[in-house]
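# Results of the structural survey
The chain contents come next:
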Amino acid sequence: TAEEPALIKDFLQTVSHTEQENTILHNESVYTEVHRDVREAYQRATGINLNTLDTRTLKARFQKFFSYNGTTFSTSMHKEQDSIVFFPECGQSIPGQIQEIFEKDGIIFFVLQKYLPAPSVPNPFKRWPDFRASIWSGKLEKDIILLRLDSQPKIMHAFRRPWAKTGAFVLKPADRVSVQF
């Protein structure tokens, strides 16, 4: 409507500089066609086959980051440190990396790739399970996982550090920046 530019201007005048940057970045998100792998993962997550619907339904609003209750998650291309997370899978907390973030029909989705195990690298942290650090490969699985944020997952940012000269990483959940959706 004609009122929208004035409302946006009023809003931007009342928010801080950081909030303006975030608003501008969110406005940079674009509706684009959903890649085939993401469509297949979307079907597994929702039961809706996007391939059988008209072409407008194949589009989603992709964005560089998503903030919730003061915690920001981003794609690996936007800000790598905010893309490394632990997420629930089969009753375990699994490390992965956010590759895409998109909104479809009012629901936010994270497109994730899991870190591969590093079976050839000994894990000295097994002796301290409460510390919850473990050794993982520096490589990600090729398959993607689609995480629906309306399904109440607990997602935690992770600390990641190189482990010696093995190509592996120490990954540890950062509980202080976990979010229950």
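Quick look at the structure, then.

## Describing the overall build of the protein chain
Summing up its helical and strand segments, the protein chain has three helices and eleven strands in all. Start at the N end of the protein chain and walk to the C end: the helices and strands fall as α-α-β-α-β-β-β-β-β-β-β-β-β-β. Residues counted as buried form 39% of the 181 residues belonging to the protein chain. Expressed as a percentage of contacts within the protein chain between residues at least 6 apart in sequence, the contacts between residues at least 24 apart total 61%. Counting only carbon and sulfur atoms, one obtains 53% of the accessible surface of the protein chain, whose full area is about 11,100 Å².

## A few points about the pattern of salt bridges
Counting across every chain of the model gives five salt bridges. Of the charged contacts, one joins K79 and D82 as a salt bridge, the two residues approaching to 3.8 Å between their closest N and O atoms. When the shortest N-O distance is used, the salt bridge between K114 and E141 registers 4.0 Å. You can see K114 sitting in strand 7 (residues 107-117) and its partner E141 sitting in the loop between strand 8 (134-140) and strand 9 (145-148), a full 27 residues away along the chain.

## Here we look at the environment of R44
Note that R44 resides in helix 3 (residues 36-46). Along the backbone, R44 and I145 are 101 residues apart, and their C-alpha atoms lie at a distance of 9.4 Å.

## Things to note about unusual backbone geometry
Positioned with a positive phi, C90 is a non-glycine residue whose angle comes to about 50°. By the element assignment, C90 lies in the loop between strand 5 (84-89) and strand 6 (92-104). If you check the backbone angles, D105 has positive phi at about 55° while not being a glycine. Along the chain, D105 turns up in the loop between strand 6 and strand 7.

## Re the packing of aromatic side chains
One pass over the full model with this rule turns up six aromatic pairs. Here F102 and F109 contribute two aromatic rings whose centre-to-centre distance is 5.1 Å and whose plane-to-plane angle is 15°, an arrangement assigned as stacked. Of the two residues examined, F102 and F109, each falls in the buried class. Members of the aromatic cluster, joined through ring pairs, are F62, F102 and F109. Looking at K172, its charged tip hangs above the ring of F131, at a distance of 4.9 Å from the centre.

What counts and how
Per chain, residue numbering runs from 1 following the sequence as it is written. Local features in this predicted model are restricted to residues of pLDDT 70 or higher, and side-chain atom pairs are both shown and tallied only at a pLDDT of 80 or more, whereas totals for entire chains, interfaces and linings draw on every residue. Processing note: side-chain calculations cover all non-hydrogen atoms of the structure and skip hydrogens and water entirely. The helix and strand labels rest on DSSP assignments: H or I over at least four residues marks a helix, E over at least two residues marks a strand, and numbering proceeds from the N terminus. When a residue's accessible area, from a 1.4 Å probe over protein chains only, is under 20% of the maximum for its type it is buried; when over 50% it is exposed; and in between it is partly exposed. Throughout, a contact is declared for two residues whenever any of their heavy atoms are within 4.5 Å. Per-residue and other accessible areas were derived by the Shrake-Rupley procedure at a 1.4 Å probe size, with only the shown protein chains allowed to occlude residues. Take a side-chain nitrogen of Lys or Arg and a carboxyl oxygen of Asp or Glu: if they are within 4 Å of each other, that pair is a salt bridge. Planes of paired rings set the category: under 30 degrees apart is stacked, over 60 is edge-to-face and the rest tilted, where pairs are Phe, Tyr or Trp rings (Trp by its six-membered ring) whose centres lie within 6.5 Å. By definition, being over a ring means that NZ of Lys or CZ of Arg is both within 6 Å of the ring centre and within 35 degrees of the ring normal.

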